[in-house]
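# Structural overview for review
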Amino acid sequence: MSDLETRLVAEILGIRAIDCHSHVPAESPHALSLLDLLGYHYYTELAHSAGMPAEAVDPAKGEAEQIGEMVTRIETLSNTVQYSWLMEAARELFAFRPERLGPKNWQQLAAVVAESGKQPNRYRVVLDKSNLEKVFLTNRFDEDLSGIDREVFVPCLRTDDLVFQLADPDVRHRLAVKTGVEIGSTDDLRDAVRWLMRYFVQHGAGSAAISLPPDFVPSAPDEAAAGKALARVLKGKELSADEATALAVFTFDVIAATCKQFRKPFQLMIGVLRNVYPAGVAGGRDLLSKQGSLMAYAGLFRRYPEVDFTVSVLSMAWEHELATFAWIFPNCKPSGHWWYANIPAHIEYALRARLEAVPKVKLIGYYSDMYKVEFGLPKFNMYRRLLGRVLAREFVETGRMTEAQAVDTARLLLRENPKRIFNV
Amino acid sequence: MSDLETRLVAEILGIRAIDCHSHVPAESPHALSLLDLLGYHYYTELAHSAGMPAEAVDPAKGEAEQIGEMVTRIETLSNTVQYSWLMEAARELFAFRPERLGPKNWQQLAAVVAESGKQPNRYRVVLDKSNLEKVFLTNRFDEDLSGIDREVFVPCLRTDDLVFQLADPDVRHRLAVKTGVEIGSTDDLRDAVRWLMRYFVQHGAGSAAISLPPDFVPSAPDEAAAGKALARVLKGKELSADEATALAVFTFDVIAATCKQFRKPFQLMIGVLRNVYPAGVAGGRDLLSKQGSLMAYAGLFRRYPEVDFTVSVLSMAWEHELATFAWIFPNCKPSGHWWYANIPAHIEYALRARLEAVPKVKLIGYYSDMYKVEFGLPKFNMYRRLLGRVLAREFVETGRMTEAQAVDTARLLLRENPKRIFNV
Amino acid sequence: MSDLETRLVAEILGIRAIDCHSHVPAESPHALSLLDLLGYHYYTELAHSAGMPAEAVDPAKGEAEQIGEMVTRIETLSNTVQYSWLMEAARELFAFRPERLGPKNWQQLAAVVAESGKQPNRYRVVLDKSNLEKVFLTNRFDEDLSGIDREVFVPCLRTDDLVFQLADPDVRHRLAVKTGVEIGSTDDLRDAVRWLMRYFVQHGAGSAAISLPPDFVPSAPDEAAAGKALARVLKGKELSADEATALAVFTFDVIAATCKQFRKPFQLMIGVLRNVYPAGVAGGRDLLSKQGSLMAYAGLFRRYPEVDFTVSVLSMAWEHELATFAWIFPNCKPSGHWWYANIPAHIEYALRARLEAVPKVKLIGYYSDMYKVEFGLPKFNMYRRLLGRVLAREFVETGRMTEAQAVDTARLLLRENPKRIFNV
């Protein structure tokens with residue numbers, strides 16, 4: 001690593017970042033046991049992929065047994081970047097010194113994790129050490145937001161269920177209980193979504209969010225068709241594929257319109273196919289497809305010029321489109337490196353291309369997507385190092401930026417852009 | 001940068017290049033004012049993408065006002081490679097020394113640009129300093145080519161209107177005025193295209209050229225269907241999508257056949273979708289889609305083995321196909337790095353892959369695609385540096401080429417291949 | 001090259017590798033003449049692509065004449081990595097010292113190749129020098145395996161003809177002659193495939209293998225539909241596209257089921273389109289398409305959890321999907337870098353991404369795909385150097401692996417994984 005890169009990385013590690021997407025549970029944000037770390041789907045799914053039976057981490061089993069299964073096998077995935085997250089978290093947050101985790105030393109780590117987990121507000125210590133100022137949550141639409149520690153957490157309205165599961169009576173029931181609106185018409189749906197967004201905004205929410213399959217097309221909605229589909233749903237009838245699509249497209253549009261009304265960004269996470277591998281471990285059953293095109297979203301970007309769409313794509317085949325759409329559409333803002341694209345090889349390529357062609361004020365550098373706050377540190381550090389590398393090698397060494405400008409650019413990506421775009 | 005790379009880049013900067021694709025207007029090739037530089041669509045569209053209203057650069061406004069809007073906002077895109085083109089042009093061609101352009105110093109640059117622009121044949125000085133021997137133009141089919149400075153400019157027959165706008169009476173009228181052929185039949189179309197190509201060749205044209213949407217399929221034409229579509233057009237009737245396609249496919253094939261007859265290459269620029277964002281600034285409304293496949297062109301390459309097709313693709317998702325088609329089809333020649341792919345991250349990857357697997361005599365390294373000659377220097381320099389980097393790191397350092405062979409290879413890409421292929 | 005990289009490459013060059021896919025003919029594995037090297041389709045197709053008429057290497061011509069055509073033109077492709085394979089083989093295996101091959105020195109090389117080729121078991125010397133312990137063959141289903149030198153070669157049942165050419169009476173005849181089973185029903189097909197697999201396994205086969213077009217979908221078979229299609233075939237009738245698909249999908253599934261029964265992996269090589277350029281040289285007529293998705297294989301991976309599918313994709317557009325499918329599906333194992341993806345630019349990117357996200361025990365690093373054993377050395381050496389580079393730059397220098405762990409990882413990819421997965 002060049003001296004320049006070393007200096008830049010050090011500066012970037014010092015930037016207090018905003019993490020605009022995570023799955024941290026507000027009621028239990030930090031790890032209470034080693035299984036809270038080893039149970040992260042990356043480790044269980046990779047261990048399963050390398051040969052561990054899915055049953056080995058059946059939640060019905062005891063913690064120690066599950067941990068035992070994992071640590072005897074984790075060497076099979078010690079090459080992965082995910083493993084390096086685990087080891088960096090163990091080292092930096094739990095003072096775990098061994099170079100590898102295994103059957104002979106896991107109890108040492110488990111003891112420290114358990115002990116640390118008992119500290120009140122341990123998560124604040126962790127986030128502080130991780131140099132993360134705020135972490136967005138991803139809340140169920142009917143979640144009670146009143147107890148959230150808003151000093152560090154920012155709620156976010158997850159809308160997947162509304163868009164794709166409205167035919168499920170339980171979803172409608174939860175919606176009615178939360179909002180007081182029994183959905184009988186498309187207007188009711190508008191009212192309910194408005195109610196939710198108001199509630200979320202009142203509790204400090206930064207945005208709505210949704211994950212979408214690669215073949216979803218958010219066209220201009222046909223409200224009459226959506227109304228008919230809704231009427232069939234209310235009669236307990238099955239929807240045809242076309243009817244289900246009409247309803248989903250309408251509901252999606254209602255959410256976008258509500259984002260416009262409340263001046264909140266809409267986080268679009270595009271490209272996931274759910275339950276492709278049902279025999280996998282929990283959290284390790286979804287995959288991506290390279291099919292589809294961001295062109296499907298052009299109409300949405302045109303219809304809602306006032307809404308900031310912060311966009312992540314799951315397939316690297318979509319990455320070039322994302323950067324070009326962000327280059328042209330003012331309201332399309334590339335956001336982080338999601339899940340299967342959250343790998344150094346892909347981040348480095350995508351990050352360089354975005355930095356070379358998208359205005360720097362539009363780029364949301366990174367988010368953790370984590371389930372426990374302990375992973376914020378290693379995931380963000382991975383990104384911070386790659387950002388330092390790209391800025392050093394492609395921008396400062398080529399004379400396109402000074403070192404100070406590179407640091408300023410990093411500050412935009414990690415902190416100032418998410419603060420401004422999400423108004424936190 | 002290693003000593004080797006420094007030496008190679010210096011050698012490559014010294015190669016007098018051929019620029020086989022630009023939009024330089026023969027009648028006004030160089031900038032007369034700073035707005036001729038800042039008005040380049042890259043800057044207006046990126047500034048708009050970063051938040052500037054499109055109206056800020058409405059041509060109805062005065063020059064100073066438009067420039068003012070741009071320079072107050074241009075810092076938002078100072079990270080982009082396009083910004084670096086602007087600053088390199090300002091520095092190298094107008095002796096502008098500040099590191100950034102802004103509200104406080106733009107008048108200094110504007111004065112020099114305006115002053116320089118008054119020099120007769122300023123464009124020749126610029127091209128000479130840019131180390132560009134010849135620059136191809138992209139001429140409307142009915143353009144008067146007689147006044148072109150053929151010492152430095154090479155005409156090129158742009159055929160987009162013929163293929164995709166023949167149903168427009170104005171296009172047919174312009175065609176009749178230029179060629180004397182009133183299009184009444186498919187044979188007339190052949191005659192008109194032949195007339196045009198002869199005219200262009202007589203005026204030194206290097207090729208025909210066209211930009212194509214990603215879903216265009218240049219199949220073997222159905223002349224009867226095209227004739228019927230043409231007959232409907234002549235009666236003022238709307239064409240169905242199938243009829244429009246039949247006519248476009250036929251006209252495209254006529255142009256390819258005429259290229260064969262006149263032994264001229266056909267520049268195919270594949271992948272653009274027009275007017276995806278109509279609310280954007282002029283020149284900043286088109287985008288790409290990753291959909292489609294170069295396989296659609298296999299039949300064309302088979303039907304016209306005598307025609308050199310110099311091919312650019314707009315989507316990086318097509319880049320691997322392009323290199324493999326060029327590896328197999330003798331008449332498929334990869335050409336430059338077009339528009340949304342003209343970014344260092346993409347050029348470096350694509351260039352390395354082409355150099356590693358396509359015979360060096362087939363590669364057209366780069367073209368500027370510029371609208372004013374001032375951008376030839378920074379765009380080509382960007383490419384020259386990347387070419388030096390790739391040759392140094394992947395070919396000389398790995399022992400696959402000597403330093404002299406690397407320079408010879410660069411000379412093929414920048415100069416000798418376009419000279420030979422376009423016979424200039 | 002850093003000292004670290006130099007040391008790593010040296011260690012990796014010392015690993016005795018398994019080559020799990022080649023087209024080496026067991027009866028004539030090493031080159032007997034220079035044309036056996038220059039006639040490799042990479043050289044003839046690239047020379048043709050660069051302008052050599054296909055007739056120049058018509059097998060009807062004499063060897064010297066064909067070689068003459070090649071060597072006068074080979075400079076046109078001296079930039080390619082394929083050329084570097086030729087020169088490294090010439091240097092390392094035939095002590096050929098000139099830096100370039102050409103009309104003035106080819107006879108020197110030709111003499112050494114011819115002389116060396118006369119040595120009995122020359123191929124063993126070549127493989128030993130190449131540090132290859134075993135090389136898989138790709139055998140026709142009716143090949144006589146009895147004479148194969150199983151000390152170094154491993155048979156592999158190529159199933160392309162069975163899946164895609166069963167309507168050809170000659171294929172069915174060959175099948176009947178080999179297995180004694182006249183195909184009259186789908187059950188007969190099962191019997192015949194089982195007979196073949198047993199025969200192959202008895203002769204030490206490591207796997208079945210097939211190459212597939214990008215639009216093939218290995219869905220759950222419809223045996224009734226396949227039976228009807230087979231009945232039509234047996235009556236000498238043409239199959240519709242749907243019928244042909246039903247038969248192919250069924251036969252493919254029978255082979256997968258037979259792999260399960262015999263506990264053998266199934267090598268899937270996905271993405272080739274045959275005879276896209278019929279006017280090309282032999283072996284240089286096939287291409288790829290970026291279209292399609294590995295999602296088409298999800299059902300197969302689910303149906304046969306017991307079968308290891310070692311998967312290669314031809315299009316780089318599929319590479320991200322491959323790594324993610326391997327990350328989730330235990331039985332999907334990425335294998336090597338195939339044909340048009342076997343280029344350093346692509347290998348380096350794909351290899352890094354696989355190593356960063358797929359458990360190391362699942363990765364089959366490389367195979368040669370060669371037709372003569374002489375190409376094993378340069379092809380594997382290209383890979384060994386890239387592996388050293390990626391491990392040095394991305395794993396050891398970033399602190400994610402020690403140097404010893406990097407070498408251990410390389411040993412898995414080159415040797416231990418293929419040994420374990422193919423049980424050789």
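Every value quoted in this text rests on a predicted model; they were computed, and no experiment measured them.

Procedures and definitions
- Residues numbered from 1 in each chain as written.
- Chains lettered and ligands numbered in written order.
- Predicted model: local features only at pLDDT ≥ 70, side-chain atom pairs only at ≥ 80, totals over all residues.
- Contact = placed C-beta atoms within 7 Å.
- Nonpolar A, V, L, I, M, F, W, Y, C, P; charged D, E, K, R; others polar.
- Pairing = 2+ DSSP bridges.
- Helix = DSSP H or I, 4+ residues; strand = E, 2+ residues; numbered from the N terminus.
- Axes fitted to C-alpha atoms, helices over the stretch in contact; angles between N-to-C directions.
- Buried ≥ 20, exposed ≤ 12 C-beta atoms within 10 Å, placed from the backbone.
- Least-squares fit on C-alpha atoms with pLDDT ≥ 70 in both.
- pLDDT = per-residue confidence, 0-100.
- Parallel < 35°, antiparallel > 145°, perpendicular 65-115°, else oblique.
- Left-handed = near helix turned anticlockwise from the far one by under 90°.
- Arc of directions from axis to C-beta.

Attention now goes to the interface of chain A and chain B. Listed as interface residues are 28 residues of chain A and, on the opposing side, 31 residues of chain B. Of the residues contributing to the side of chain A that touches chain B, the split by class is 16 nonpolar, 4 polar and 8 charged.

Residue and element names in this part refer to chain A. The sheet built from 5 strands is open, its strands ordered E4-E5-E6-E9-E10 with parallel pairing. Only two strands of the sheet have a single partner each, and these edge strands are strand E4 (156-158) and strand E10 (332-334). Adjacent strand axes in the sheet meet at a mean angle of 25° when their direction is disregarded. Where E4 meets strand E5 (residues 207-212), 3 bridges bridge the pair, whose relative direction is parallel. Across the sheet, Arg-158 pairs through a bridge with Ala-209, a residue of E5. The strands touched by helix H14 (residues 319-328) are strand E9 (309-313) and E10; relative to E10, the strand with the most contacts, the crossing angle is about 130°.

Moving on to the sheet that holds strand E2 (residues 132-136) of chain C. Residue and element names in this part refer to chain C. If you trace the 3 strands from one edge of the open sheet to the other, you get E1-E2-E3, paired in parallel fashion. Here the strands that pair on one side only, and so sit at the sheet edges, are strand E1 (17-19) and strand E3 (153-154). Across 2 bridges, E2 lies against E3 in parallel orientation. Bridging from a neighbouring strand, Val-135 pairs with Phe-153 of E3.

Further remarks concern the interface of chain C and chain A. If you look at the interface, chain C gives 28 residues, while chain A gives 31 residues. At the level of elements, helix H13 (298-303), helix H14 (319-328) and helix H15 (344-357) of chain C are the ones that each hand at least two residues to the side of chain C that touches chain A.

Now for unusual backbone geometry. Phi at Asn131(A) is positive, roughly 60°, even though this residue is not glycine. With respect to the element layout, Asn131(A) can be found in the loop between helix H7 (122-129) and strand E2 (132-136). Among the residues examined, Asn131(A) registers 19 C-beta atoms within 10 Å and is labelled partly exposed. If you check the backbone angles, Asn275(C) has positive phi at about 60° while not being a glycine.

Attention shifts here to the relation of the copies chain A and chain B. Screw-axis analysis of chain A against chain B gives a translation of 0.0 Å along the axis, an RMSD of 0.0 Å, and a rotation angle of 120°. As the rotation angle and translation indicate, the two copies are arranged about a three-fold axis. Nearest to the rotation axis, the C-alpha of Ala317(A) is located 3.7 Å from it, this being the minimum over chain A. Of all interface residues in chain A, a mere 4% are interface residues in chain B too; the two copies therefore contact each other through different surfaces.

As a further point, take the relation of the copies chain C and chain A. Rotating chain C by 120° about the axis while translating it 0.0 Å along that axis superimposes it on chain A, leaving an RMSD of 0.0 Å. Counting the interface residues of chain C, we find that no more than 4% of their copies in chain A are interface residues as well, pointing to two distinct contact surfaces.

As a further point, take the confidence of the model for chain A. Detail in the predicted coordinates should be disregarded across regions flagged by low pLDDT. Looking at chain A, pLDDT values average 98 and 100% of them are 70 or higher. Here the complex is predicted with pTM 0.98, and the ipTM for its interfaces comes to 0.98.

Residue and element names in this part refer to chain B. Relative to each other, helix H16 (residues 376-396) and helix H17 (residues 403-422) sit at 140°, their axes nearing to 10 Å. Classified by the interaxial angle, the pair formed by H16 and H17 is oblique. In terms of crossing hand, the pair formed by H16 and H17 is right-handed. Between H16 and H17, the residues in contact are Leu-387, Leu-391, Phe-395 and Val-396 and Glu-403, Ala-406, Thr-409, Ala-410 and Leu-413, respectively. Here the contact of H16 with H17 is composed, by residue class, of 7 nonpolar, 1 polar and 1 charged.

This brings us to the pairing of strand E5 (residues 207-212) of chain C. All names here are of chain C. Most of E5 sits inside the fold, with 6 of its 6 residues counted as buried. Where E5 lies against strand E6 (residues 266-270), 5 bridges are found, and the strand directions are parallel. Pairing of Ala-209 across the sheet is with Gln-267, part of E6.

Residues and elements named next belong to chain A. For H7, the set of buried residues is Tyr-123, Val-126 and Leu-127. The buried residues of H7 occupy an angular sector of 95° when projected down its axis, which confines them to one face. Contact partners of the buried residues in H7: helix H5 (81-94), E2 and helix H16 (376-396). Phi turns positive, to about 60°, at Asn-131, one or two residues after H7.

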